Amino acid sequence: MARGQRKPIEEKIREKEELIAGLKERLHAEERELAELKKEKRSREIETITLMLEEADISIDEAKKIIAQHVSGAAV
(Lines give C-alpha, C1' and ligand atoms only; values in the text may rest on other atoms or scores of the structure.)
Protein backbone atom coordinates (compact mmCIF):
# COMPACT_ATOMS: atom_id res chain seq x y z
CA MET A 1 0.00 0.00 0.00
CA ALA A 2 1.43 3.37 -0.99
CA ARG A 3 1.91 6.02 1.65
CA GLY A 4 1.78 9.75 1.23
CA GLN A 5 4.96 11.74 1.01
CA ARG A 6 6.74 11.82 4.36
CA LYS A 7 7.50 15.18 5.92
CA PRO A 8 11.14 16.00 6.44
CA ILE A 9 12.24 15.94 10.07
CA GLU A 10 12.98 19.68 9.98
CA GLU A 11 9.35 20.39 9.06
CA LYS A 12 8.11 18.15 11.87
CA ILE A 13 10.37 19.97 14.32
CA ARG A 14 9.16 23.38 13.10
CA GLU A 15 5.52 22.32 13.42
CA LYS A 16 6.04 21.09 16.97
CA GLU A 17 7.85 24.30 17.91
CA GLU A 18 4.96 26.33 16.50
CA LEU A 19 2.44 24.18 18.36
CA ILE A 20 4.35 24.58 21.64
CA ALA A 21 4.66 28.35 21.12
CA GLY A 22 0.90 28.59 20.56
CA LEU A 23 0.18 26.52 23.66
CA LYS A 24 2.51 28.69 25.75
CA GLU A 25 0.73 31.81 24.52
CA ARG A 26 -2.63 30.32 25.41
CA LEU A 27 -1.35 29.24 28.84
CA HIS A 28 -0.15 32.80 29.55
CA ALA A 29 -3.53 34.19 28.49
CA GLU A 30 -5.34 31.73 30.76
CA GLU A 31 -3.01 32.59 33.66
CA ARG A 32 -3.74 36.31 33.17
CA GLU A 33 -7.46 35.61 33.14
CA LEU A 34 -7.15 33.52 36.31
CA ALA A 35 -5.25 36.31 38.04
CA GLU A 36 -7.97 38.80 37.07
CA LEU A 37 -10.69 36.49 38.40
CA LYS A 38 -8.83 36.11 41.70
CA LYS A 39 -8.40 39.88 41.89
CA GLU A 40 -12.13 40.38 41.27
CA LYS A 41 -13.00 37.79 43.95
CA ARG A 42 -10.74 39.53 46.45
CA SER A 43 -12.32 42.91 45.67
CA ARG A 44 -15.80 41.49 46.23
CA GLU A 45 -14.72 39.94 49.54
CA ILE A 46 -13.21 43.23 50.66
CA GLU A 47 -16.38 45.05 49.68
CA THR A 48 -18.46 42.58 51.70
CA ILE A 49 -16.27 43.02 54.77
CA THR A 50 -16.34 46.80 54.41
CA LEU A 51 -20.15 46.77 54.27
CA MET A 52 -20.30 44.53 57.33
CA LEU A 53 -18.03 46.92 59.24
CA GLU A 54 -20.14 49.90 58.20
CA GLU A 55 -23.35 48.16 59.27
CA ALA A 56 -21.78 47.30 62.63
CA ASP A 57 -20.42 50.87 62.94
CA ILE A 58 -16.88 49.55 63.36
CA SER A 59 -13.95 51.55 61.99
CA ILE A 60 -11.04 49.97 60.15
CA ASP A 61 -8.75 50.69 63.10
CA GLU A 62 -11.19 49.04 65.50
CA ALA A 63 -11.45 46.03 63.20
CA LYS A 64 -7.65 45.74 63.06
CA LYS A 65 -7.47 45.81 66.88
CA ILE A 66 -10.20 43.16 67.16
CA ILE A 67 -8.40 40.91 64.69
CA ALA A 68 -5.02 41.47 66.39
CA GLN A 69 -6.56 40.51 69.74
CA HIS A 70 -8.14 37.44 68.19
CA VAL A 71 -4.85 36.36 66.62
CA SER A 72 -2.97 36.92 69.90
CA GLY A 73 -5.55 34.92 71.80
CA ALA A 74 -5.43 32.09 69.28
CA ALA A 75 -1.63 31.91 69.50
CA VAL A 76 -1.70 31.22 73.26
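Relevant structure appears above.
Residues numbered from 1 in each chain as written. Predicted model: local features only at pLDDT ≥ 70, side-chain atom pairs only at ≥ 80, totals over all residues. Heavy atoms only, no water.

Peer 1: Sorry, what's going on with the overall build of the protein here?
Peer 2: In terms of helices and strands, the protein carries two helices and zero strands. Computed over the C-alpha atoms, the radius of gyration of the protein is 27 Å, more than 25% above the 11 Å expected from 2.2 N^0.38 for a compact globule of 76 residues. Once the C-alpha set of the protein is aligned to its principal axes, its extents read approximately 80 × 30 × 20 Å. Counting the 76 residues in the protein, one finds 3% classified as buried. Accessible area for the protein stands at about 7700 Å²; split by element, carbon and sulfur atoms hold 58% of it. (Helix = DSSP H or I, 4+ residues; strand = E, 2+ residues; numbered from the N terminus. Rg over C-alpha atoms; globule rule 2.2 N^0.38 Å. Buried < 20%, exposed > 50% of the residue type's maximum accessible area, 1.4 Å probe, protein only. Areas by Shrake-Rupley, 256 points an atom, 1.4 Å probe, with all protein chains shown as cover.)

Peer 1: Sorry, what's going on with helix H1 (residues 9-55) here?
Peer 2: Think of an α-helix as turning once every 3.6 residues; residues three or four places apart then point the same way. A rise of 1.5 Å per residue sets the reference length of H1, with its 47 residues, at 69 Å; its end C-alpha atoms lie 69 Å apart and thus fit the reference within 8%. Positive backbone phi, at 55°, marks Asp57, one or two positions downstream of H1. (Expected span 1.5 Å × (residues − 1).)

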